[in-house]
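Architecture at a glance
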Amino acid sequence: MSVDVRPEVVVRRPRAEVAAYMFDPANDLAWTGGITASRPDQPGLLTEGATVVRTAKFLGRTFDYGYVVTAHEPDRLIEMKVEKPFPMIVRYELTDAAEGTNVAIRATGSPGGFFAVAEPLMRWQVRRSIAADLARLKANVEAAH
């Protein structure tokens, strides 16, 4: 069994502005739900090889998890490998849209252990969580201008 979700939203700002906000871990707490800390290995925008450790609450559990950026296309894409709450690949995908920028977050992975039992709930929870993150991202970026 696996999780494969890709919620998306249109942000009414240019792609470069959205990427500058979204690809900077200093903004994580403002738009990423469920985390209480975000500690990048270096300041500034994410690039290939960058790592970040976050503290999160998910399905009643608190834990630290790290991710490493495995692919990067400036102002277009960040791909991250995540090990917790279960192994996943998370992609931030930005494309131009008539109204601004189409922003998608795709998360794919295979829950194991504790999370395997709750796989149908997990898929729903991951989609809901990402959709809420995208709504906060949209509100924050659009409100800044």
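Details of the structure are given in the entry above.
Residues numbered from 1 in each chain as written. Predicted model: local features only at pLDDT ≥ 70, side-chain atom pairs only at ≥ 80, totals over all residues. Heavy atoms only, no water.

**What about the overall build of the chain?**
Check the secondary structure of the chain and you find 4 helices and 8 strands. Along its sequence from the N terminus, the chain presents helices and strands in the succession β-β-α-α-β-β-β-β-β-β-α-α. Expressed as a percentage of the 145 residues in the chain, the buried residues total 43%. Across the chain, every contact between residues at least 6 apart in sequence was considered, and the portion connecting residues at least 24 apart equals 49%. Carbon together with sulfur atoms contributes 55% to the accessible area of the chain, which is approximately 7200 Å² in total. (Helix = DSSP H or I, 4+ residues; strand = E, 2+ residues; numbered from the N terminus. Buried < 20%, exposed > 50% of the residue type's maximum accessible area, 1.4 Å probe, protein only. Contact = heavy atoms within 4.5 Å. Areas by Shrake-Rupley, 256 points an atom, 1.4 Å probe, with all protein chains shown as cover.)

**Points about the packing of aromatic side chains**
Tallying each qualifying case throughout the model produces 3 aromatic pairs. Between Phe-23 and Tyr-92, the aromatic rings sit 6.4 Å apart at their centres with planes inclined by 25°, giving stacked as the arrangement. A residue pair is termed long-range when its members are at least 10 positions apart, and Phe-23 in the loop between helix 1 (15-22) and helix 2 (28-31) and Tyr-92 in strand 7 (residues 88-97) qualify at 69 residues. Here Phe-23 and Tyr-92 have matching classes, each one buried. These aromatic residues form a ring-pair network of at least three members: Phe-23, Trp-31 and Tyr-92. (Phe/Tyr/Trp six-rings, centres within 6.5 Å; stacked < 30°, edge-to-face > 60°.)

**Notes on the nonpolar core**
Judged by nonpolar contacts, the single largest core of 35 residues is most densely connected at Met-22, Tyr-67, Val-90, Tyr-92, Val-103, Ile-105 and Leu-137. Looking at this core, the element that brings in the most residues is helix 4 (residues 119-143), giving 5 residues. If we skip the residues at most four places from it in the chain, Met-22 touches Trp-31, Tyr-92, Leu-94, Val-103, Ile-105 and Leu-137. (Core = buried A, V, L, I, M, F, W, Y, C linked by side-chain atoms within 4.5 Å.)

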